[in-house]
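Reading the structure
What follows is the residue order along each chain.
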Amino acid sequence: MQDHFRDQLPDIDPDETSEWIESLEQVIAHSPSRARFLMGRLLAHARSRQIGLPPMVSTNYINTIPPEQEPYFPGDEEMELKIRRIIRWNAAAMVMRANKKYDGIGGHLSTYASAASLYEVGFNHFFQGKDAPGGGDQIFFQGHGAPGVYARAFLEGRLTQDRLDGFRQETSGTGLSSYPHPRLMPDFWEFPTVSMGLSPLNAIYQARFNKYLHQRGIKDTSQQRVWCFVGDGEMDEPESMAALSLAAREELDNLIFVVNCNLQRLDGPVRGNGKVIQELESIYRGAGWHVIKVVWAREWDDLLARDSDGVLVNKMNTTVDGEFQKYVVESGAYIREHFFGPDPRLKKLVEHLSDEDLRRLRRGGHDYRKVHSAFASAVELKGAPVVVLAKTVKGWTLGGAVEGRNVTHQAKKLSEDELKAFRDRLELPISDKELKDEPAYYHPGEDSDVVEYIRARRRSLGGYVPERRVHPVRVDLPKDDLYAEFAAGSKKQGVATTMGFVRLLRKLMRDKKFGPRVVPIIPDEARTFGMESLFPEFKIYAARGQLYEPVDAAHLLAYRESQQGQILEEGITEAGSMGSFTAAGTSYATHGETMVPFFIFYSMFGFQRIGDLIWSFADQRGRGFLLGATYGRTTLLGEGLQHQDGHSLLLAATNPVCLSYDPAWAYEVAVIVKEGLRRMFDEDEDVFYYLTLYNEPYPQPEMPSGIEEGILKGLYLYRGAPDERKHRAQLLGSGTILREALRAQDLLLEHHDVSADVWSATSYQQLRADGLETERWNRLHAEQPRRQPYVAEQLEGQDGPVVAVSDSMKAVPDQIARWVPAPFVPLGTDGFGRSDHRGALRRHFEIDAEHIVVATLAALAEFGELKPEAVTEAIERYGVDPERASALRCDL
Ligand SMILES: Cc1ncc(C[n+]2csc(CCOP(=O)(O)OP(=O)(O)O)c2C)c(N)n1
Ligand SMILES: [Mg+2]
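The following paragraphs examine the structure supplied in this document. Predicted model only: the values in this text are computed from it and were never measured.

Around ligand 1, the surrounding shell holds 18 residues, and the nearest of these are Thr111, Gln142, Asp232, Gly233 and Lys394. Asp232 has a polar side-chain atom sitting 2.8 Å from an oxygen atom of ligand 1. At a separation of 2.9 Å, an oxygen atom of ligand 1 approaches a polar backbone atom of Glu234. Calculation on ligand 1 without its partners gives an accessible area of 590 Å², and the protein chains cover 76% of this total.

Here is the structure:
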């Protein structure tokens, strides 16, 4: 950097420059740490004088807040220590008791043990409950810390001992879930967090969405904060870092991250050869966050105050995390020799301390007051999000076999002796007998001062947390006539289902009452989907409005940003878009404000790229619509292997609360969206929808009457055979490929003496779900009359083989195979996509009308209805090469 400056800028006074450099050289020669100190002071001073230097991203390895700036501590420290100890005990007891009952059931002792003070400061002084003015805070708890949160709820009287004993035993219906799962404990957990990396991302978008709600005048969220507790190991997940700069750019001063830096992850140190806190400091500060480091407990204050020549700070700066970990498990004598020993000045600094005193020099995250002052400052800071980097020991207080050891993450048990030592350290009145087989819980009594104290604290902070509360404000769903135009069809005009959907979306957004509740979310793909017309009408949300005149200002479709904008144009981040989708789709619970998100994306970059975020959305009971646009291995022409999606429907089918559909016609899209709105926002079902959308334009037909139920159940007869012929067949088509089935219907009739019925298969997943349920009912009600799955009922009595064709892998229609009461032939797009035009691709994947004809004839021949020669004749007629490698094999 220096060299760069020297090259670029003329030095107008070289003598003065040399003097400065010489002075610095002298200081370095005398004391490098003093030189570092002076440079730090100079840079800080220069910045305060606004001379345009970039911020320094890293500071000394000491607390950001000096002791003299720590605020007054308003609590009863003794009482809060007592509370913390009881919670520590019960958290560990709960995990151990569960493992005693069912060996290997799991649970974690060490994560909460390291984070107890971080949480307790929050619970006693900062976390706002739902009854607080403004609606309270939103808190993302570290998944593996769940035992501590249950143990606190026990002390608060929210969970009974029986419930604690149900830890990780959920099938009975009253157990406690291993981690924060709103799906499983819908009154308790608000945010699912245990898939590492997702909560940091989701928390940022939650905070951003809170600002969006505020700006749009939907809810005053100005008093609400988002807290996100993260592990230092978890920060290695790419998603953890993914949105840090967005948080700063959007000035999310309603957001506080607390990174529990116990320097360990599951296998060992997070950065044995480096310093994770320093690394994170640079990253966060570089991204524009306020950073508060809590490295050392109060015992160090005196040593640092006497460190006049900076040797202690220097030692702190240069000691790697792996070494710090060693000091956790070693004796005071070892610490004296290895940390303080090498430098006589350091040794002298601690000569008044005993070995035991040295062992008791704690890390900052275990000093309740230091943590308190960090949080107190975090809630005051403005203009940017805040991260608190708190240094702790993993397994703190659990004893020498666990504390700071590499195996600590996996520890689930303590021996009887270890339990006794743990009890003694926590000074709890539990007898040896009560530890014998398994540790008893400790409760000081309903009337105890402890219980009274924590209840009073929570009362003054607006009630217990976490709590998930659902009192949504009802939305008025649009009237039926909004959908009428889609039932009318497009006459001769070519309209792709994507265009049909965008028309529908615009109509929904224009609906007076319902419109403002719609949250369209797009990751930089609006033009691809023909959505740019929404920009000027509904505007793109921008925290600072539009500070420039857009290049296309004169155009009708100008790129318009506004602080009240409704559209979330996320830029190229499907993961971030899922963050917004999650915040919006759960707003009915987290804010009591129903919002209806439509997240429209390049289908290929949906389920397979951000499937875990979608899974988490389901856990959080999110509601909304995922629109996989440009779906289809052959319909998205030209793009190739990495774009052409023929399998998201299969992936979507794995999610128990995702209803997935593959509509062929715009009216099907409209019927599905209408029903989705009804089920999610009228019936309050915690489900969500995935719809494929295609970009192939074709005339949209009028909606036949009486087929809504079929569309929603997944199958309906679209066009029966126009004429009676010798042979019969059933063709099932989905999405754009339904039109190939219709073409095959004509060819079969014209050339092959086959009358085929054509069905629109809108959802194999829904058909399968119904099939599985029916099958199960029959199994469990053996003496009752058999029930028929819907798909069997529909196809029963229809003659001929059933050929199912779509722009997806064959496994998608295969989902219904065993309930089809006739020979079943799935055709589909197994294999990598490739670039070509649609006709060539459909031929390649053998899903064009000609291949459907061949498949139908082959199935008829198989069952003796036709001679095999009829198949050969069709193969020749349509120029099919029977010896060509299949699309799947030719990828090998
Ligand atoms: C995406 C993901 N990968 C892996 C895991 C398994 N896992 C659970 S905890 C853990 C280590 C956590 O370390 P850290 O984030 O430092 O938390 P700590 O327990 O130390 O506070 C791992 C790897 C997970 N839960 N999620
Ligand atoms: Mg850790």
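A separate point is the packing of helix H5 (residues 110-126) against helix H6 (residues 146-156). Contact geometry of H5 with H6 gives a least axis separation of 9 Å together with a crossing angle of 45°. Judged on the interaxial angle alone, H6 and H5 are oblique. Both H5 and H6 take part in a crossing whose hand is right-handed. Between H5 and H6, the residues in contact are Tyr112, Glu120, Phe123 and Asn124 and Gly148, Val149 and Arg152, respectively.

Attention now moves to the coordination of the magnesium ion (ligand 2). Protein-derived coordination of the magnesium ion (ligand 2) comes from Asp232 (OD), Asn262 (OD1) and Gln264 (O), at a distance range of 2.0 to 2.1 Å. Positions of the donor residues of the magnesium ion (ligand 2) along the chain correspond to the pattern D-x29-N-x1-Q. Gln264 sits in the buried class, given a relative accessible area of 3%.

If you look at the biggest cluster of nonpolar residues, it comprises 183 residues, and the most contacted ones within it are Phe257 and Trp289. Aside from chain neighbours lying at most four places away, what touches Trp289 is Ile204, Leu244, Ala247, Ala248, Leu255, Phe257, Tyr284, Pro385, Val386 and Val387. In terms of nonpolar packing, the next biggest core, distinct from the first, is built from 74 residues, Met79, Ala98, Ala115 and Ile454 among them.

So, on to the sheet that holds strand S14 (residues 688-692). By definition, the strands of a sheet pair up through backbone hydrogen bonds, in either a parallel or an antiparallel sense. With parallel pairing, six strands are arranged side by side in an open sheet as S10-S7-S11-S12-S14-S13. Looking at strand neighbours, the two that pair on one side only are strand S10 (568-569) and strand S13 (658-661), the edges of this open sheet. In this sheet, S10 lies alongside strand S7 (residues 518-522) in parallel orientation, the contact comprising two bridges. Of the residues in S10, the one forming a bridge with Ile522 is Glu569. Seen against the sheet, helix H22 (residues 497-510) touches S7, strand S11 (596-602) and strand S12 (625-629) and runs at an angle of roughly 145° to S7. Of the strands in this sheet, S7, S10, S11 and S12 are in contact with helix H24 (residues 574-585), which crosses S11 at around 165°.

Below, the discussion takes up the state of the cysteines. This model, assessed by the stated rule, comprises zero disulfides. Looking at Cys261, it has no disulfide partner, and the nearest cysteine sulfur is the one in Cys228, 13 Å off.

Counting through the fold element by element, Arg818 comes out in the loop between helix H33 (811-814) and strand S20 (824-827). Sequence separation between Arg818 and Ala792 is 26 residues, and the spatial gap between their C-alpha atoms is 9.3 Å. For Arg818, the contacting residues outside a window of four places in its chain are Arg768, Leu772 and Glu775. At 2.8 Å, the side chain of Arg818 and the side chain of Glu775 are in polar contact.

Definitions and cut-offs
- Residues numbered from 1 in each chain as written.
- Chains lettered and ligands numbered in written order.
- Predicted model: local features only at pLDDT ≥ 70, side-chain atom pairs only at ≥ 80, totals over all residues.
- Heavy atoms only, no water.
- Near = heavy atom within 4 Å.
- Polar contact = N/O pair within 3.5 Å; in protein donor to acceptor, adjacent residues only side chain to side chain.
- Areas by Shrake-Rupley, 256 points an atom, 1.4 Å probe, with all protein chains shown as cover.
- Axes fitted to C-alpha atoms, helices over the stretch in contact; angles between N-to-C directions.
- Helix = DSSP H or I, 4+ residues; strand = E, 2+ residues; numbered from the N terminus.
- Parallel < 35°, antiparallel > 145°, perpendicular 65-115°, else oblique.
- Left-handed = near helix turned anticlockwise from the far one by under 90°.
- Contact = heavy atoms within 4.5 Å.
- Donors = N, O, S within 2.8 Å, 3.2 Å for Na, K, Ca; no water.
- Buried < 20%, exposed > 50% of the residue type's maximum accessible area, 1.4 Å probe, protein only.
- Core = buried A, V, L, I, M, F, W, Y, C linked by side-chain atoms within 4.5 Å.
- Pairing = 2+ DSSP bridges.
- Disulfide = S-S within 2.5 Å.

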